[in-house]
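An overview of the molecular structure
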Amino acid sequence: MDARLNVFGNPTAGKFLKHIISADKVLSDSTLPAATQELVKLRASQINGCGFCTDMHTKDAAHAGETSVRLNLVAAWREATVFTDAERAALELTEQGTRIADAAGGVTDDAWANAAKHYDEDQLAALVSLIALINAFNRLNVIIQQPAGDYQPGQFG
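Description of the structure in this document. (Residues numbered from 1 in each chain as written. Predicted model: local features only at pLDDT ≥ 70, side-chain atom pairs only at ≥ 80, totals over all residues. Heavy atoms only, no water.)

**Quick word on the overall build of the chain**
What the chain contains, in helices and strands, is 7 helices and 0 strands. Principal axes of the C-alpha set define a box for the chain whose edges measure 45 × 30 × 30 Å. Per-residue burial for the chain yields a buried fraction of 39% across its 157 residues. Relative to all contacts within the chain whose residues are 6 or more apart in sequence, the contacts with residues 24 or more apart total 70%. Entry remark: accessible area of the chain is about 8,600 Å², with carbon and sulfur atoms responsible for 56%. A gap of 5 Å separates the mean positions of the 13 positive and 19 negative side-chain charges of the chain. (Helix = DSSP H or I, 4+ residues; strand = E, 2+ residues; numbered from the N terminus. Buried < 20%, exposed > 50% of the residue type's maximum accessible area, 1.4 Å probe, protein only. Contact = heavy atoms within 4.5 Å. Areas by Shrake-Rupley, 256 points an atom, 1.4 Å probe, with all protein chains shown as cover. Lys, Arg positive; Asp, Glu negative; His and termini not counted. Charge placed at Lys NZ, Arg CZ, Asp CG, Glu CD.)

This is the structure in C-alpha cells:
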C-alpha cells in the first residue's frame, strides 16, 4: 500500500509539515507530562482511525517506558484503573475535542472544569493545542492513506 501523496517529497506538503512539526516541538517541551501527551495523541488517533499515528504513538510511548497494559487500555480508559485522575481528565477532553461534530455543545463545561482541576493554565494551553494538532496530523494521514506499521521510534527526530 502506498500513500496517495508523498508528503515528504512534495514541496508544499514539506513546508506545511515543517511548521506543524515545529508546533509539536513547542508542545513536547511544555510542562504537560510526556506520558499524558502520548496518551492524548494515541486516543485521538484511535478515534480518528489514523493507523499511522496510532502506530507511531504506541511505539513512541512504549519506547519512552509506557507499559503495554496502559497502552492497550487507552481505548477503554473509562473502565480501566491504570490511569490517574489527571490523565482521565485529559483523555475526556481529548475525546470531546476530537468528536466536536458529534456533540451539539462541543466540549462540556464539566470536562473543561475537570481538566482545569489537574492542569495549570500553561498545561491547559498545551493540552488544547496538542488535541488540535494531533487531529490535524490524523486528518492529513487519513486523507492521504499513509500506511501504518513500519514506523520506528524517533524516526522523525
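**Here we look at helix α1 (residues 11–28)**
Given a rise of 1.5 Å per residue, 18 residues ought to cover 26 Å, and the 25 Å separating the end C-alpha atoms of α1 matches this to within 8%. Restricting attention to buried positions, one finds in α1 the residues A13, L17, I20 and L27. Down the axis of α1, the buried side of the element spans an arc of 75 degrees, and every buried residue falls inside it. Every exposed residue of α1 that faces more than 90 degrees away from the buried side is listed here: P11, K15, K18, H19 and V26. Buried-residue contacts for α1 involve α2 (34–48) and α7 (121–144). Two or three places before T12, at the start of α1, stands the capping residue N10, its side-chain oxygen 2.9 Å from that residue's backbone nitrogen. (Expected span 1.5 Å × (residues − 1). Arc of directions from axis to C-beta. Polar contact = N/O pair within 3.5 Å; in protein donor to acceptor, adjacent residues only side chain to side chain.)

The quantities given are spatial measurements derived from coordinates; they are silent on function.
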